[in-house]
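# Architecture at a glance
In case you want the letters, here they are:
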Amino acid sequence: MTSAAGPDTVHLVPLDPSGRRRAMLREPAGADEQSVGGTTTADAVRLLDRLLTDDPASAVRPGDAATLTVVERDLLLAAAYRLGWGPRISGVVTCAACAAPFDLDFRLADLADRVRAEAPAGVVTLDDGVTFRLPTAQDEAAVLGLPPDEAERALLARCLISGAPETHGPRVEQAMAGAGIDLDLAATCPECGHGADIRFQIQDYLLATIRCDWATLIHDVHRIAVAYGWSLTEILSLPRGSRRAFVALLDGEPIPRTAERS
Ligand SMILES: [Zn+2]
């Protein structure tokens, strides 16, 4: 459904291939952007707890973000990016072989659809009957600070449901490591044809974008405050797309279509 720009900034995000498990997420506002202090999982959880809305149709409410699996968390982070920053990820990559710069550009929704379709829901069963569940932020927090080897073992112990850690551990860890929007994207250099895998992690990408956009946020607040005389709280509560649209108007530029309203 396409809707006119307006107060409709809460979006339904399917968390599994059937769409039965879903969350309601609102578009990030300046206050949400300001609250991001880093790019860790804890930062991602705090941001999602702010953006999740208390809706009966949602399987996840504010305060529940730490219970999401890594796949679900990444799907919500991807949705937050699309709502606030737009549907595409684009950037310039330097070819490792010939050093020529080339453009990388893709639709985040396509990536999210792929990850959602392949996402194991609930308990995962491997072909040899071993069962496990994907780790959540709670699991990650529980092993935080342990030496890497010990943390790996402790995480496995928390998530392995049936099977022996010694025999099945490596396969389960491999399956866990591939979960989420943490992918190697295949790219080919148009200059020399060199193929490369480019690592893309939505959590890093979104949170780093927010941190880098701080100057834009301050500029927007200043521009709107001077022009309209609105309070800081009012301006920081504007959904990002609306805030950017007001600034574009003030600058005599076309209104950007940042939010993917579908
Ligand atoms: Zn090249």
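Residues numbered from 1 in each chain as written. Predicted model: local features only at pLDDT ≥ 70, side-chain atom pairs only at ≥ 80, totals over all residues.

### A few points about the packing of helix 6 (residues 148-159) against helix 7 (residues 165-177)
Here is the rule: As a rule, the C-alpha atoms of each element are fitted with a line to give its axis, helices using only the stretch in contact, and angles between N-to-C directions run from 0 to 180 degrees. Secondary structure is summarised from DSSP: a helix means a run of H or I of at least four residues, a strand means a run of E of at least two, and numbering begins at the N terminus for each. The cut-offs work like this: below 35 degrees is roughly parallel, past 145 is roughly antiparallel, 65 to 115 is roughly perpendicular, and the gaps in between are oblique. The contact rule is simple: place each C-beta atom from the backbone, and if two of them lie within 7 Å, those residues are in contact. Polarity classes work like this: nonpolar for Ala, Val, Leu, Ile, Met, Phe, Trp, Tyr, Cys and Pro, charged for Asp, Glu, Lys and Arg, and polar for all others, with Gly in that last group.
The geometry of helix 6 relative to helix 7 is characterised by a closest axis approach of 10 Å and an angle of 90° between their N-to-C directions. Considering the angle they form, helix 6 stands roughly perpendicular to helix 7. Of the residues in helix 7, those touching helix 6 at Glu152, Arg153, Leu156, Ala157 and Cys159 are Pro165, Gly169, Val172, Glu173 and Met176. Across the contact of helix 6 with helix 7, the residue classes break down as six nonpolar, one polar and three charged.

### Section: the sheet that holds strand 7 (residues 160-162)
We apply this condition: At least two DSSP bridges between two strands are required for those strands to pair.
Strand order in this open sheet of three strands is 5-6-7, and the pairing throughout is antiparallel. Of all the strands in the sheet, the pair left with one neighbour each is strand 5 (123-125) and strand 7. This sheet shows a mean twist of 30° between the axes of neighbouring strands, independent of strand direction. Where strand 6 (residues 131-133) lies against strand 7, two bridges are found, and the strand directions are antiparallel. When the sheet's bridge partners are listed, Thr131 is paired in strand 7 with Ser162.

### Overview of the pairing of strand 9 (residues 195-201)
Definition in use: With C-beta atoms placed from the backbone, a residue counts as buried when 20 or more other C-beta atoms lie within 10 Å of its own, as exposed when 12 or fewer do, and as partly exposed for counts between those limits.
Of all seven residues in strand 9, zero are buried; the element is thus mostly exposed. Across seven bridges, the pairing between strand 8 (residues 182-188) and strand 9 is antiparallel. What sits directly across from Asp184, in strand 9, is Arg199. From the end of strand 8 to the start of strand 9, which pair antiparallel, there are six residues, and Gly193 there has a positive phi angle of about 80°.

### A word on the nonpolar core
Short version of the rule: By convention the nonpolar core is taken to be a set of buried residues drawn from Ala, Val, Leu, Ile, Met, Phe, Trp, Tyr and Cys and joined through C-beta atoms within 7 Å.
Membership of the largest hydrophobic core comes to 40 residues, with the highest contact counts inside it found for Leu76, Ala78 and Ala80. Residue assignment for this core shows that the elements contributing at least two residues are strand 2 (22-26), helix 2 (41-51), helix 3 (70-85), helix 4 (108-118), helix 7 and helix 8 (202-212). Looking at this core element by element, the count peaks at eleven residues for helix 3. The contact partners of Leu76, leaving out residues within four places of it in the chain, are Val13, Ala23, Leu25 and Leu48. Judged by nonpolar contacts, the second largest core, of five residues, contains Ala29, Ile224, Leu238 and Val247.

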